[in-house]
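Take a look at the letters that make up each chain.
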Amino acid sequence: TQLLEQSPQFLSIQEGENLTVYCNSSSVFSSLQWYRQEPGEGPVLLVTVVTGGEVKKLKRLTFQFGDARKDSSLHITAAQPGDTGLYLCARGEGGGADGLTFGKGTHLIIQP
Amino acid sequence: DTAVSQTPKYLVTQMGNDKSIKCEQNLGHDTMYWYKQDSKKFLKIMFSYNNKELIINETVPNRFSPKSPDKAHLNLHINSLELGDSAVYFCASSLGHGYTFGSGTRLTVV
């Protein structure tokens, strides 16, 4: 099993601050996804990155895939309380039936 | 319309019982999955089912069995429940890179 390391595990910051969370692996992945999970709900897909060096933006969220396709980051600008949640990275192998391998997640709390 | 729906939302049962969790997707996806999320929020795949092909994570006890009556349904049956089976179970479906998860079933074995 190829492990995904996420950091930090926990992060609590004030509204309006910026933050970055990381997802790293020792092996190359063909694609990487970021999810956000709120209490009592399932993970919701935010983005899929497949090309080394790729950058995708979703409003105040910026996702980057490392050039070597072994790492990814999620940057949130001007965090808001609504950004609170569990952020998960996951690797998939070409969208095949093997499913996703998840990291252990970053618990993010944005305090008003 | 809920894309991936699973029932029940909560399930409390005694050790040794047999229980089932149902899952249905209306997205036309070709692959369905069951994941287990432990108390530390770690999500781990249990099964995937695609075109009658079942892929099983080797760490899953054989007390767990998925059953797919058709392409839109993948139910999870658990025999002889144990305390360690307590967790949140998520059904999901996918087409290519697009994955959609249900809202989970919190199973508590007492």
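Residues numbered from 1 in each chain as written. Chains lettered and ligands numbered in written order. Predicted model: local features only at pLDDT ≥ 70, side-chain atom pairs only at ≥ 80, totals over all residues. Heavy atoms only, no water.

Student: How do you make sense of the side chain of A:Ser27 when you look at a structure like this?
Tutor: Within the secondary structure, A:Ser27 is located in the loop between strand S3 (19–24) and strand S4 (31–37). At 3.0 Å, the side chain of A:Ser27 and the side chain of A:Arg91 are in polar contact. (Helix = DSSP H or I, 4+ residues; strand = E, 2+ residues; numbered from the N terminus. Polar contact = N/O pair within 3.5 Å; in protein donor to acceptor, adjacent residues only side chain to side chain.)

Student: Would you explain the pairing of strand S9 (residues 87–95) of chain B in this entry?
Tutor: Within a regular beta strand, the side chains point alternately toward one face of the sheet and then the other, so they alternate between its two faces. Residue and element names in this part refer to chain B. Here S9 lies mainly inside the structure; eight of its nine residues are buried. For strand S4 (residues 31–37) and S9, the ladder comprises seven bridges, and the chain directions are antiparallel. Residue pairing for S9: Tyr-35 is matched across the bridge by Phe-90. Pairing analysis gives three bridges linking S9 to strand S11 (residues 105–109), with the strands arranged antiparallel. Among the inter-strand pairings, Ala-87 is bridged to a residue of S11, identified as Leu-107. (Buried < 20%, exposed > 50% of the residue type's maximum accessible area, 1.4 Å probe, protein only. Pairing = 2+ DSSP bridges.)

Student: I tried to follow the state of the cysteines on my own but got confused; where do I start?
Tutor: Covalently bonding the sulfur atom of one cysteine to the sulfur atom of another cysteine gives a disulfide. Following the criterion strictly, the structure yields two disulfides over all chains and no others. Note on cysteine connectivity: A:Cys23 is disulfide-linked to A:Cys89, with sulfurs 2.0 Å apart. The sign of the S-S torsion, about 75 degrees, decides the handedness of the disulfide formed by A:Cys23 and A:Cys89: right-handed. Of this pair, A:Cys23 sits in strand S3 while A:Cys89 sits in strand S9 (residues 85–92); the two residues are 66 residues apart in sequence, bridging distant segments of the chain. Like A:Cys89, A:Cys23 is buried. Between B:Cys23 and B:Cys91 runs a disulfide, and the two sulfur atoms are separated by 1.8 Å. Because the torsion about its S-S bond is -75 degrees, the bridge between B:Cys23 and B:Cys91 counts as left-handed. Residue B:Cys23 is found in strand S3 (residues 19–25), and its partner B:Cys91 is found in strand S9; the two are separated by 68 residues along the sequence. On the accessibility criterion, B:Cys91 (0% relative accessible area) is buried. (Disulfide = S-S within 2.5 Å.)

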